Amino acid sequence: MAKAIIDPKIKGFICTTAHPIGCAANVLEQVRRTEADGPIAGGPRGVLVIGASTGYGLASRIVAAFGAGAHTVGVFFERPAEGARTASAGWYNAVSFESLAKKRGLRAPSINGDAFSDEIKGRTIDCIRRELGKVDLVIYSLASPRRTDPKTGEIHRSALKPIGQPFTGKTVNTDRGLVHEVTLEPASEEEIRGTVAVMGGDDWKLWMQALLEGNVLAKGARTVAYSYIGPQLTWPIYRDGTIGRAKADLDGAVGEIDKLLTSVGGRAHIAVNKAVVTQASSAIPVVPLYISLLFKVMKEKGIHEGCVQQMGRLFRERLYGKELLPGAVDGLGRLRIDDLEMQPDVQKAVENLWPRITSENLRELSDFDGYAAEFLQLFGFGVEGVDYEAPVEMAKALEDLR
Ligand code: NAD
């Protein structure tokens with residue numbers, strides 16, 4: 001198999017190459033952080049993570065396996081290496097996760113394919129039955145630009161747009177580090193409907209129905225889907241925009257799923273997570289600039305968190321073990337793990353910086369360098385201790401892929 005030196009190739013908000021050693025180092029770092037926090041008392045035994053290869057889903061799988069000692073099944077949509085093309089970062093992450101989990105004696109099979117399809121749901125259920133028997137936790141962490149409806153074959157596309165009126169606001173061109181104004185036209189009805197169909201609660205419900213019918217949910221099984229609210233300055237594009245409409249749809253679905261799970265004595269939850277750098281969040285206008293400012297403020301206050309710290313707290317302080325502290329659950333019953341991001345002193349500091357930020361002072365007033373470094377690291381680049389001059393094997397197989 002050919003070896004090559006791999007460089008990042010960034011196109012807008014994605015990087016089309018990924019570094020296998022860098023991705024492996026990222027996964028190992030998250031595993032080490034999780035293990036350093038000690039075992040999770042009363043944690044899950046068998047976990048299904050839908051969207052398990054990057055971002056919040058990968059971190060959830062790591063915390064479940066290396067914090068709680070759970071066997072896990074991961075579902076994701078990633079690209080293996082082909083010829084001169086590297087695999088996607090999520091593929092390399094999943095390979096590394098699987099090999100580390102196996103070393104700890106944990107079962108960690110993965111299914112690569114379209115989670116929205118009936119076929120992948122069926123294969124996942126077979127895999128759970130064969131490998132784990134049942135699962136007592138289902139994490140729903142998909143972020144996708146499109147979904148093919150399994151019944152009608154219609155292709156729904158999600159859009160990241162305001163609703164009702166155009167929105168003009170500051171954003172940053174992450175390639176060039178330039179702050180500029182952007183005007184986003186409001187979404188059409190079709191785009192709103194498409195975003196809700198892709199990122200709303202419909203597919204989560206279909207998954208939970210299928211898992212229940214497949215008899216692979218253990219007694220007391222719980223499911224969690226991830227949401228975001230954020231501060232007012234992102235609301236025109238997030239909470240009040242198309243993606244916010246989809247997240248509101250999750251708020252409706254959670255009640256229905258909760259009812260569905262009464263037959264196994266289970267519960268459904270939404271967790272509201274903080275803003276972090278992932279492939280999904282870097283595609284949203286305005287959000288990368290907000291994250292750059294947020295990181296600056298939270299790092300200065302010593303309360304910065306990435307995906308694995310967030311998921312560590314979700315499992316340790318919200319889902320398992322400890323009694324829920326006041327403020328851990330909001331009026332709508334959502335588990336709030338965005339508490340540090342939403343602290344009034346943090347938001348006040350970001351608000352004060354927001355009107356002052358320009359291309360000239362971007363690196364001084366915000367942690368744009370930290371943002372850019374984390375973005376590259378998503379693809380395994382700029383990771384400490386990795387020799388990027390050395391040629392590496394591009395193909396890495398997922399041994400236990402079903
Ligand atoms: P991500 O892009 O890092 O991960 C998305 C995952 O979904 C990957 O594992 C990918 O393989 C998988 N996926 C996408 N399409 C798929 C398909 N058709 N079939 C199977 N798998 C598919 O995204 P993320 O930022 O970790 O987002 C996960 C969830 O967390 C989303 O619901 C998002 O809204 C929510 N969230 C994100 C943030 C943030 O700042 N990133 C904050 C709060 C909540």
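Residues numbered from 1 in each chain as written. Predicted model: local features only at pLDDT ≥ 70, side-chain atom pairs only at ≥ 80, totals over all residues. Heavy atoms only, no water.

A. Main features of the sheet that holds strand 7 (residues 135–140). Spatial strand order, 6-5-4-7-12-13-14: 7 strands in an open sheet with parallel pairing. Of all the strands in the sheet, just strand 6 (110–112) and strand 14 (335–336) have a single pairing partner and so form its edges. With 5 bridges connecting them, strand 7 and strand 12 (residues 217–227) associate as parallel partners. Bridge assignment links Y140 to a residue of strand 12, and that residue is A225. Here helix 2 (residues 55–67) sits on the sheet in contact with strand 4 (46–50), strand 5 (71–76), strand 6, strand 7 and strand 12, set at roughly 170 degrees to strand 5. (Pairing = 2+ DSSP bridges. Helix = DSSP H or I, 4+ residues; strand = E, 2+ residues; numbered from the N terminus. Contact = heavy atoms within 4.5 Å. Axes fitted to C-alpha atoms, helices over the stretch in contact; angles between N-to-C directions.)

B. Quick look at helix 10 (residues 344–353). Buried residues of helix 10: V346, Q347, V350 and L353, and no others. Buried residues along helix 10 cover an arc of 125 degrees about the axis, so they all sit on one side. Elements in contact with the buried residues of helix 10: helix 8 (287–300) and helix 11 (362–365). (Buried < 20%, exposed > 50% of the residue type's maximum accessible area, 1.4 Å probe, protein only. Arc of directions from axis to C-beta.)

C. Region of interest: the packing of aromatic side chains. According to the stated counting rule, one finds 8 aromatic pairs in the structure shown. When the ring centre of Y320 is taken as reference, the NZ or CZ atom of R222 above it lies at 5.4 Å. Sitting over the ring of W235, R239 keeps its end group 3.7 Å from the ring centre. (Phe/Tyr/Trp six-rings, centres within 6.5 Å; stacked < 30°, edge-to-face > 60°. Lys NZ or Arg CZ within 6 Å of the ring centre and 35° of its normal.)

D. Summary view of the pattern of salt bridges. Taken as a whole and judged by the stated rule, the model has 27 salt bridges. A salt bridge links K151 to D118, with the nearest nitrogen and oxygen atoms 3.6 Å apart. Here K151, found in the loop between strand 8 (146–148) and strand 9 (155–157), pairs with D118, found in helix 4 (residues 118–131); they are 33 residues apart in sequence, far enough to count as distant. For D118, a relative accessible area of 41% translates into the label partly exposed. The partner of R334 in a salt bridge is D330, and the shortest N-O contact between them spans 2.8 Å. Note on R334: relative accessible area 14%, which makes it buried. Sharing partners across several salt bridges, the network here consists of D251, D330, R334, R336 and D338. (Salt bridge = Lys/Arg side-chain N within 4 Å of Asp/Glu carboxyl O.)

E. Highlighting the nonpolar core. If you look at the biggest cluster of nonpolar residues, it comprises 88 residues, and the most contacted ones within it are L48, W204, L211 and Y290. Element by element, the count of residues in this core is highest for helix 8, at 9 residues. Ignoring sequence-local partners within four residues, the contact set of W204 consists of Y140, T223, V224, A225, L250, A253, V254, I257, A268, H269 and I270. Membership of the second largest hydrophobic core comes to 38 residues, among which are A68, A101, V308 and L314. (Core = buried A, V, L, I, M, F, W, Y, C linked by side-chain atoms within 4.5 Å.)

F. Looking closely at the packing of helix 6 (residues 202–213) against helix 7 (residues 242–260). One can describe the packing of helix 6 onto helix 7 by two numbers: an axis separation of 9 Å at closest approach and a directional angle of 15 degrees. Judged by the inter-axis angle, helix 6 sits roughly parallel to helix 7. The chirality of how helix 6 crosses helix 7 is right-handed. On helix 7, the residues touching D202, W204, K205, M208, Q209 and L212 of helix 6 are D249, L250, A253, V254, E256, I257 and L260. Residue composition of the contact of helix 6 with helix 7, grouped by class: 8 nonpolar, 1 polar and 4 charged. (Parallel < 35°, antiparallel > 145°, perpendicular 65-115°, else oblique. Left-handed = near helix turned anticlockwise from the far one by under 90°. Nonpolar A, V, L, I, M, F, W, Y, C, P; charged D, E, K, R; others polar.)

G. Up close: the packing of helix 4 against helix 6. With their axes 10 Å apart at the nearest point, helix 4 and helix 6 run at an angle of 40 degrees to one another. When the axes of helix 4 and helix 6 are compared, the pair comes out oblique. Helix 6 is crossed by helix 4, and the crossing has right-handed handedness. Across the interface between the two elements, I120, K121, T124, I125 and I128 of helix 4 pack against D203, L206, W207, A210 and L211 of helix 6.

H. Looking closely at the site of the ligand. For the ligand, the set of nearby residues contains 30 residues, the closest of which are S53, Y56, A115, K247 and T278. The contact in question runs from a nitrogen atom of the ligand to an N or O atom on the backbone of A115, over 2.7 Å. In the model, an oxygen atom of the ligand is placed 3.5 Å from a nitrogen or oxygen of the L142 main chain. Here the ligand loses 92% of its free accessible area of 830 Å² to cover by the protein chains. Those elements giving two or more residues to the shell around the ligand turn out to be helix 2 and strand 12. For the shell around the ligand, the residue count by class is 14 nonpolar, 12 polar and 4 charged. (Near = heavy atom within 4 Å. Polar contact = N/O pair within 3.5 Å; in protein donor to acceptor, adjacent residues only side chain to side chain. Areas by Shrake-Rupley, 256 points an atom, 1.4 Å probe, with all protein chains shown as cover.)

I. Region of interest: the side chain of S292. Looking at the secondary structure, you find S292 in helix 8. Residue S292 is classed as buried on the basis of its relative accessible area of 0%. At 2.8 Å, the side chain of S292 forms a polar contact with the backbone oxygen of P288. If we skip the residues at most four places from it in the chain, S292 touches S366, D367, F368 and Y371.

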